[in-house]
There are 2 protein chains.
Amino acid sequence: MRSSAEHEIHRAGLRVTAGRLALLEVLDRFPHSDAATLHRHLVETDASISIQSVHNVLSDLTAAGLLRRIEPANSAALFERRVGDNHHHIVCTSCGAVADVECVVGHAPCIAPSDTAGFTLATAEVTFWGLCAPCQKLHVVPTKEIHD
Amino acid sequence: MRSSAEHEIHRAGLRVTAGRLALLEVLDRFPHSDAATLHRHLVETDASISIQSVHNVLSDLTAAGLLRRIEPANSAALFERRVGDNHHHIVCTSCGAVADVECVVGHAPCIAPSDTAGFTLATAEVTFWGLCAPCQKLHVVPTKEIHD
DNA sequence: GCCTTATTTTTAGTCGTTCACGATAAATGC
DNA sequence: GCATTTATCGTGAACGACTAAAAATAAGGC
């Protein structure tokens, strides 16, 4: 059984290595993970890979367009395999959990601010903040005040 | 002449110190600055303040609601005095310059994603990416590919 | 002006990430 | 298959941004 990951890496002009395959596989199971978390999962399963190599692989695959890197405030860089669409994210202010969010309004409204101050607009990135279901149950009060 | 900054700090229940006043004044002239930049401006003008104290003051004033902290990807935390509204930002992918952007569509559409995956939604944060006017003139090609 | 305690300084230390470089192993050509 | 090339990985060190702890200082109420 030949994984699609193998094809993807090869098509990107990169060498197919055990580390890259393993990382893509783990990232499939745990999207929105940071480098340290991915490294932990990797050493747990089998592959011996250094944390620096994890950063290396993440950087290479992101540059190749196989991964998307997001960087919510107060958090390390997170990675996901879902690329090529303009979906957004919602982040839990209490525990940092991240979920994908489809932009209901489509592209146009969000990407058309009234005044771009002379900037040429390329992309719009939306991050939603809130409480995830488990944290709601725990009655955890978010540390940041939310005034309307 | 009593500065409004003095009142603001006092009203927040914080002590009015030279460092805090100086930082607010510098941040007025250079919005969207990071701690290191602010520190540089401060030591240039007059006030001898340590970089750690700058972080301290920024943290205190942000917690008190006098400052807003933003954290664009690939950048240190930036601060601005404009608080209490829901304006967004546009960041230059080439030089990192930041400008304020009013959200033309208002509140509702952006803050109403179709599915929040069980999250309770609190706020929406929009970051626009593009090229600032000076970087456009320099014909600088952004390092990230822009498809569509 | 004094006293309490918030604030600042000083000094270390942490976290996430990048860099340099020798060691290793994919992929190409034979 | 096997050798060669060179992309990739491991190791170790370093970096920037930020936080922590403790001692020194100074704001502001009395």
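Above this text you will find the structure in question.
Keep in mind it's a predicted model, so treat the numbers as computed, not measured.

**A look at the packing of helix 3 (residues 35-45) of chain B against helix 4 (residues 51-63) of chain B**
All names here are of chain B.
For step 1, the next point in the chain: Between helix 3 and helix 4, the shortest axis-to-axis distance is 9 Å and the interhelical angle comes to 115°. The two elements helix 3 and helix 4 meet at a crossing, and its hand is right-handed. Contacts between helix 3 and helix 4 involve A35, A36, L38, H39 and L42 from the former and I51, V54, H55 and L58 from the latter.
For step 2, the next point in the chain: Class assignment of the residues belonging to the contact of helix 3 with helix 4 gives a composition of 7 nonpolar, 2 polar and no charged.

**As for the state of the cysteines**
For step 1, the next point in the chain: Tallied over the full model, the rule gives 0 disulfides over all chains.
For step 2, the next point in the chain: Here C132 of chain A is not disulfide-linked; the sulfur of C95 of chain A is the nearest cysteine sulfur, at 3.6 Å.
For step 3, the next point in the chain: Overall, the relative accessible area of 4% leaves C132 of chain A in the buried class.
For step 4, the next point in the chain: Note on C135 of chain B: no disulfide assigned, nearest cysteine sulfur contributed by C132 of chain B at a separation of 3.6 Å.
For step 5, the next point in the chain: For C135 of chain B, a relative accessible area of 7% gives the class buried.

**Overview of the sheet that holds strand 6 (residues 120-131) of chain A**
For step 1, the next point in the chain: Taken in spatial order, the 6 strands make up an open sheet running 5(A)-4(A)-6(A)-6(B)-4(B)-5(B), and their pairing is mixed. Of all strands in the sheet, those with a lone pairing partner are strand 5 (98-101) of chain A together with strand 5 (98-101) of chain B, marking the two edges. Here the average twist between neighbouring strands, direction ignored, is 30°.
For step 2, the next point in the chain: Here strand 6 of chain A runs beside strand 6 (residues 120-131) of chain B; their pairing, made up of 11 bridges, is antiparallel. Along strand 6 of chain B, the bridge assignment pairs F128 of chain A with A124 of chain B.

Calculation rules
Residues numbered from 1 in each chain as written. Chains lettered and ligands numbered in written order. Predicted model: local features only at pLDDT ≥ 70, side-chain atom pairs only at ≥ 80, totals over all residues. Heavy atoms only, no water. Axes fitted to C-alpha atoms, helices over the stretch in contact; angles between N-to-C directions. Helix = DSSP H or I, 4+ residues; strand = E, 2+ residues; numbered from the N terminus. Left-handed = near helix turned anticlockwise from the far one by under 90°. Contact = heavy atoms within 4.5 Å. Nonpolar A, V, L, I, M, F, W, Y, C, P; charged D, E, K, R; others polar. Disulfide = S-S within 2.5 Å. Buried < 20%, exposed > 50% of the residue type's maximum accessible area, 1.4 Å probe, protein only. Pairing = 2+ DSSP bridges.

Just geometry here; none of it tells us what the structure is for.
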